[in-house]
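# Per-entry structural report
Below are the chains, spelled out letter by letter.
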Amino acid sequence: MRGSVDTLPACDMEVSESVPARVNILVVDDLKEKLLVYSTVLEDLGQNVLFASSGEEALKLVLSNDFAVILLDVNMPNMDGIETAALIRKRRKSAHTPIIFLTAFADDVHVEKGYASGAVDYLITPVMPEILKAKVRVFIELSQMRQRAALQAEESARRKAAEESARRKDAFLGMLAHELRNPLGPIRNAIHLLHKIGPDTPDTVRLRAIIDRQVTHMARLVDDLLDSTRLANGKILLRKEQCDLSQIVCRTIEDYRHIFEERGISLEASLPQKPVWVDGDPTRLIQMLGNLLHNAHKFTPPDGRVSVSLISNEKDQTAIIKVEDTGIGIDSQTLPRIFDVFYQVEQKLDRSRGGLGLGLSLVKSLAELHNGVVTVTSAGTGQGAAFSLQLPTTPLAVSSDIAASAEKPSQSRILIIEDNLDAAETTRMLLEQEGHDTCIAYTGPQGIVLARQFQPHVILCDIGLPGMDGYQVARAMRLDPVLHSAFIIALTGYGRDEDRRQAQEAGFNMHLTKPLDTRMFRRVLASSYKG
Ligand code: ADP
């Protein structure tokens, strides 16, 4: 009941629940004229002041509000201040609310009873306005400090929970990618080996191509999903080195050429004669151009044209890779949003073009990590699109492993350490088909023993091995006088940056993700002979 004070001037009568800066103050007195005085004095403090004209009324307000301080008249009819204070203290919610007694007679007995019932201070009435304000201000500040501390604690708990959930999501996606990648390895190997079983018919060739395409597609989706969460968490670290962008562009185009040929899209390239040096992560540079080529292929109908050019501008030390297509084009409203995460122009219900809407956002983030920028232009729907990736160049030309990678390596001895029988067997068959001499170990310790006897050029080692894992195997080999300089490659479903870093720390020369890409493996093999 606040009827007795409804007409009091100026003080804010509403209880603010959410604004931390304003606190509630309760004044309890049975005399209306006194409440008016307190109202006028406390108005200056800029807080919410509530009034009660009896102990019962005060208890009701205490039940529904938190107060920074309660000013309580001792001398009231029915329930007096001492009794009211004792009841306020009994309620859990208000057990620690500071209470200041207002009394005209501060005799010792009175004071003692007051403190016993929970008062923190006494004020003799009539009160001096400045003293009243000063005492109340102390409790306001205390309450505001508590509110701030509670808010900070809440915020920190929220942040911790968000970090924990991001960490779990990351761990889950890493695990998911691993679990999804693992079966892709044997599937891909098996497709390449199928034709050995019997003579190829047009049907088997076609079916093999379908499975191969779908496996590639699946591996790509898994990688994109993983990369985008890692980029969002700032966890992608570039492995930068001096690399020749024209080699990278040339090689990536060749890797993609067959998918364009299959759809009857012409793919043209215009590259400079001289090397274009950039300080970049070759894997990520290939990934960026690969995503642009993948889209150009996806959004250009058969008989269309896609051209890729690389132009180096020596004056402002930049290089621009341009991917132009004659495909479905992009309308002007869509253009500004095209690099947003998960953005896709609405597809028909069949979702025949698929995708997760991550490819371009990955290109954008990776370009930024390279201090570069990606832009797009299109004259509109049906008018084709042109994507430009601009990167800073470096004048430095250093010898690169990339040059070596074009060479086809000769026959090599390769040891496969893999506990998954299907994966081990199909990898062996694939490598033997490439002309290599192979040997399989199904556990880490067996791998070490076999490596000593077999003296392989290259050891392909899985990470998730039972008992002794791949990292332990690599460490043991680096300590072994016979094997310490072996070329060891981690072939694993774990493809996160941490996994690569851990592999490097354990002594692996290289980290490849499953499924094994034979073209990539040839390059790696060639560089292993150089290094
Ligand atoms: P998605 O995996 O869905 O293709 P992207 O991020 O690579 O995701 O592309 C986002 C969207 O941008 C696509 O869904 C498509 O609508 C549009 N887009 C990308 N590249 C092209 C292109 N070359 N021509 C027309 N539209 C394109």
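The present account deals with the structure reproduced in this document. From a predicted model like this one, the values you see are computed outputs, not experimental measurements.

What follows concerns the sheet that holds strand E2 (residues 48-52). Taken in spatial order, the 5 strands line up as E2-E1-E3-E4-E5 in an open sheet, and their pairing is parallel. What marks the edges here is a single partner per strand, and that holds for E2 and strand E5 (121-124). Within the sheet, the average angular offset between the axes of one strand and its neighbour, ignoring direction, is 20 degrees. Relative to strand E3 (residues 69-73), strand E1 (residues 24-28) runs parallel, the two sharing 4 bridges. Looking at E3, one finds that Ile25 is bridged to Val69. Relative to strand E4 (residues 99-103), helix H3 (residues 81-90) is tilted by about 175 degrees, and along the sheet it contacts E3 and E4.

What follows deals with the packing of aromatic side chains. Within the structure shown, the criterion is met by 2 aromatic pairs. On the basis of an interplanar angle of 45 degrees and a centroid distance of 5.6 Å, the ring pair of Phe101 and Tyr122 is categorised as tilted. Note that Phe101 is positioned in strand E4 and Tyr122 in strand E5, a separation of 21 residues in sequence. Tyr122 carries the same exposure label as Phe101, and that label is buried.

Okay, helix H1 (residues 32-43) next. Helical periodicity: at 3.6 residues per turn, an α-helix aligns residues three or four positions apart in one direction. Between its terminal C-alpha atoms H1 stretches 16 Å, which fits the 16 Å expected from 12 residues at 1.5 Å a residue. Within the sequence span of H1, burial applies to Leu35, Tyr38, Ser39, Val41 and Leu42.

Spatially, 5 strands are ordered E14-E13-E15-E16-E17 in an open sheet, and the strand pairing comes out parallel. The open sheet is flanked by strand E14 (437-441) and strand E17 (510-513), the only strands paired with a single partner. Adjacent strand axes in the sheet meet at a mean angle of 20 degrees when their direction is disregarded. For strand E16 (residues 487-492) and E17, the ladder comprises 4 bridges, and the chain directions are parallel. The residue of E17 that forms the bridge with Ala490 is His511.

Across the junction of Thr125 and Pro126, the peptide omega takes the value -5 degrees, indicating a cis bond. Relative to the assigned elements, Pro126 resides in the loop between E5 and helix H5 (129-193). The amide bond that connects Lys514 to the next residue, Pro515, takes the cis arrangement and shows omega of -5 degrees. By the secondary structure assignment, Pro515 is in the loop between E17 and helix H15 (518-530).

Conventions we followed
- Residues numbered from 1 in each chain as written.
- Predicted model: local features only at pLDDT ≥ 70, side-chain atom pairs only at ≥ 80, totals over all residues.
- Heavy atoms only, no water.
- Pairing = 2+ DSSP bridges.
- Helix = DSSP H or I, 4+ residues; strand = E, 2+ residues; numbered from the N terminus.
- Axes fitted to C-alpha atoms, helices over the stretch in contact; angles between N-to-C directions.
- Contact = heavy atoms within 4.5 Å.
- Phe/Tyr/Trp six-rings, centres within 6.5 Å; stacked < 30°, edge-to-face > 60°.
- Buried < 20%, exposed > 50% of the residue type's maximum accessible area, 1.4 Å probe, protein only.
- Expected span 1.5 Å × (residues − 1).

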